[in-house]
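What the coordinates show
Each chain, written out:
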Amino acid sequence: GSTDVPNFISSGARSTLDTNVMIVGGFGFDGVRRTSDAGVTWKRVLTDARRALMYYISEALIEDTRVPGTFYGARGTTNNGIWKSVDNGATWDSISVVPSQITRGLCTIAQRADSNNILFVGCKGGVIARSDDQGRTWRRVPVLRGDLSISGDAEIPKIVFSRRVPTTGYAVVAITAPDSIRDNGGLLKTVDGGATWDRIAFSDTSLWSVAVRDGGDGKDDIFLGGFRTSNLPTSIIGDGLVFRSSNGGDSWQRFDDIQWGVNEREDTIRNVWSLHINPTTNKVYM
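Residues numbered from 1 in each chain as written. Predicted model: local features only at pLDDT ≥ 70, side-chain atom pairs only at ≥ 80, totals over all residues. Heavy atoms only, no water.

**Re the overall build of the chain**
Helices and strands together make up the secondary structure of the chain, namely zero helices and 22 strands. Over its C-alpha trace the chain gives a radius of gyration of 18 Å, about what one expects of a compact globule, namely 19 Å for 286 residues. Looking at the 286 residues of the chain, the share that counts as buried comes to 50%. Partitioning the contacts of the chain with sequence separation of at least 6, the portion at a separation of at least 24 is 48%. Looking at the chain as shown, the accessible area adds up to about 13200 Å², and 49% of this sits on carbon and sulfur atoms. (Helix = DSSP H or I, 4+ residues; strand = E, 2+ residues; numbered from the N terminus. Rg over C-alpha atoms; globule rule 2.2 N^0.38 Å. Buried < 20%, exposed > 50% of the residue type's maximum accessible area, 1.4 Å probe, protein only. Contact = heavy atoms within 4.5 Å. Areas by Shrake-Rupley, 256 points an atom, 1.4 Å probe, with all protein chains shown as cover.)

**Some points on the pattern of salt bridges**
Scanning the model with the defined rule gives 15 salt bridges in all. Notably, a salt bridge pairs R44 with D30, separated by 2.7 Å at the nearest N-O pair. A residue pair is termed long-range when its members are at least 10 positions apart, and R44 in strand 4 (residues 43-46) and D30 in the loop between strand 2 (22-27) and strand 3 (32-35) qualify at 14 residues. Residue class for R44 comes out partly exposed when judged on its relative accessible area of 35%. The class of D30 is partly exposed, set by a relative accessible area of 24%. With a shortest N-O distance of 3.3 Å, R164 and D220 are connected by a salt bridge. A residue pair is termed long-range when its members are at least 10 positions apart, and R164 in the loop between strand 13 (155-161) and strand 14 (169-174) and D220 in strand 18 (residues 220-226) qualify at 56 residues. What makes R164 partly exposed here is its relative accessible area of 34%. With a relative accessible area of 1%, D220 lands in the buried category. (Salt bridge = Lys/Arg side-chain N within 4 Å of Asp/Glu carboxyl O.)

**Here we look at the pairing of strand 6 (residues 71-74)**
Residue alternation in strand 6 divides its side chains into two sets, F71 and G73 and Y72 and A74, and both sets are buried. Relative to strand 6, strand 5 (residues 61-63) runs antiparallel, the two being bridged by three bridges. Its bridge partner being in strand 6, E63 is matched across the sheet by F71. Across four bridges, the pairing between strand 6 and strand 7 (residues 81-85) is antiparallel. (Pairing = 2+ DSSP bridges.)

**Some remarks on the pairing of strand 2**
Strand residues, when the strand is regular, have side chains that alternate between the two faces of the sheet. Taken together, the six bridges between strand 1 (residues 8-14) and strand 2 define a ladder with antiparallel strand orientation. When the bridges of strand 2 are listed, G12 appears paired with V24. As paired strands, strand 2 and strand 3 are joined by three bridges and run antiparallel to one another. Opposite I23, over in strand 3, you have R34 as the bridge partner. As consecutive antiparallel partners, strand 2 and strand 3 are separated by four residues, and within that stretch G28 has a phi angle of approximately 70°, a positive value.

**A few points about the side chain of E59**
If you trace the backbone, E59 turns up in the loop between strand 4 and strand 5. Residue classification places E59 among the buried positions, given a relative accessible area of 15%. Looking at E59, its side chain comes within polar contact range of the side chain of H276, at 3.1 Å. (Polar contact = N/O pair within 3.5 Å; in protein donor to acceptor, adjacent residues only side chain to side chain.)

**Here we look at the packing of aromatic side chains**
Tallying each qualifying case throughout the model produces 10 aromatic pairs. Between F27 and Y55 the ring centres are 4.9 Å apart and the planes differ by 90°, which places this aromatic pair in the edge-to-face class. Here Y55 lies in the loop between strand 4 and strand 5 and F27 lies in strand 2, a separation of 28 residues in the sequence. Looking at F27, the relative accessible area reads 36%, which means it is partly exposed. Taking 5.6 Å as the distance between ring centres and 65° as the angle between the ring planes, the aromatic pair formed by F227 and W273 counts as edge-to-face. Of the two residues, F227 is situated in the loop between strand 18 and strand 19 (242-245) and W273 in the loop between strand 20 (253-254) and strand 21 (276-277); the sequence distance between them amounts to 46 residues. (Phe/Tyr/Trp six-rings, centres within 6.5 Å; stacked < 30°, edge-to-face > 60°.)

See below:
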């Protein structure tokens, strides 16, 4: 409840091997913490040797899709470190660093459901980097008309892959500078397993979250959430936007009747930080 803390939790993952185990990290957080008793008690399991803050910005901790109890973490800011745990989050090893020539910082990490070798990180600069060897080496892949970067201020905060067709994936682009809106932002899609990406919708629009479930007629049911960088007036379009496409992105419906709340700081910003599908019930959570 304190409004004075300098950090906050922004990434978390729960073990499918033991559902009492969960790991969390955050923005300006002091490493990664783990619970083995469903959140009653917590232990720090990863920290910087120099006690520097560790940024796990946007869903930057994930469990391996094919190896329960194995986790990956993508450390943000200028560190760009990739960490791995093979013992259900109890201990962690640094396995690589995404080169600074690729990006200035990492935002999120993702994995295709059909492979435990292929990983992706969404990065600052509107960059998507791919690893084909479980995170040991990384390379940029095309993200917009063959280019390897969208804009210097752009960020890729979420990447998801279709459960229906694992080689189809979606990534959202956030705009952070009001003087860099043109041909920025939007929704990216890949149909070749992440080898190449391109924008399919919402150019010049800032997005932060995306989720996908199986839709009718053999098409993906996609949900998007918008974003802006601060609570100050801005020309960036994204605040309060929530969209759905039930036909794989061919057309979109906006949810314009959401009852947005106000937090304890009287903050009215309407960022959609996370969208998730319950795999059992197919319900959508925001």
